[in-house]
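Residue-level structural notes
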Amino acid sequence: MRFDNGETRLFDMTPLLDRAPFQRLRSPGVFEAAHVAWGTVAWPGNLDIAPETLYELSVPAPSDAAVADSTPAS
């Protein structure tokens, strides 16, 4: 995710998938319906995660250069 402060961060949803109401996101079709609404990630059915939670529980994403450096050569 890219935040308003310019940071790109990664959020692992796995720990939330065992909790209501996020259990329904285990279905790939439902999870893939994610979209940005009201400044956060949301899914159909009024399901969303507070942007503060997304930021606080996420980690900095590797830079594009770091990702390219870690990609094995063909």
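To keep things clear, this report deals only with the structure shown in the data block. (Residues numbered from 1 in each chain as written. Predicted model: local features only at pLDDT ≥ 70, side-chain atom pairs only at ≥ 80, totals over all residues. Heavy atoms only, no water.)

1. So, the nonpolar core
Judged by nonpolar contacts, Phe3, Phe11, Met13, Leu16, Leu17, Phe22, Leu25, Val41, Trp43, Leu47, Ile49 and Leu54 together constitute the single largest core of 12 residues. Setting aside anything within four residues of it in sequence, one finds isoleucine 49 in contact with Phe11, Met13, Leu16, Phe22, Thr40, Val41, Trp43 and Leu54. (Core = buried A, V, L, I, M, F, W, Y, C linked by side-chain atoms within 4.5 Å. Buried < 20%, exposed > 50% of the residue type's maximum accessible area, 1.4 Å probe, protein only. Contact = heavy atoms within 4.5 Å.)

2. Focus: the pattern of salt bridges
Between side chains of opposite charge, pairing is possible as soon as their charged atoms come close. Enumeration according to the criterion identifies two salt bridges in this entry. Close ionic contact of arginine 9 with glutamate 7 constitutes a salt bridge, the shortest N to O distance being 3.1 Å. For arginine 9, a relative accessible area of 9% corresponds to the buried category. Linking aspartate 18 and arginine 26 is a salt bridge whose minimum nitrogen-to-oxygen distance equals 2.0 Å. Assigned by exposure class, aspartate 18 and arginine 26 land together as exposed. (Salt bridge = Lys/Arg side-chain N within 4 Å of Asp/Glu carboxyl O.)

3. Digging into the side chain of arginine 9
Considering the arrangement of structural elements, one finds arginine 9 in strand E1 (residues 9-10). Within the local environment of arginine 9, its side chain forms a polar contact with the backbone oxygen of serine 58, the two atoms lying 2.6 Å apart. (Helix = DSSP H or I, 4+ residues; strand = E, 2+ residues; numbered from the N terminus. Polar contact = N/O pair within 3.5 Å; in protein donor to acceptor, adjacent residues only side chain to side chain.)

4. Considerations on the sheet that holds strand E3 (residues 40-43)
Read from one edge of the open sheet, three strands run E2-E3-E4, paired in antiparallel fashion. The sheet is open, and its two edges are formed by strand E2 (35-37) and strand E4 (47-48), each paired on a single side. Across three bridges, E2 lies against E3 in antiparallel orientation. In the sheet register, valine 36 faces E3, and the bridge partner there is valine 41. (Pairing = 2+ DSSP bridges.)

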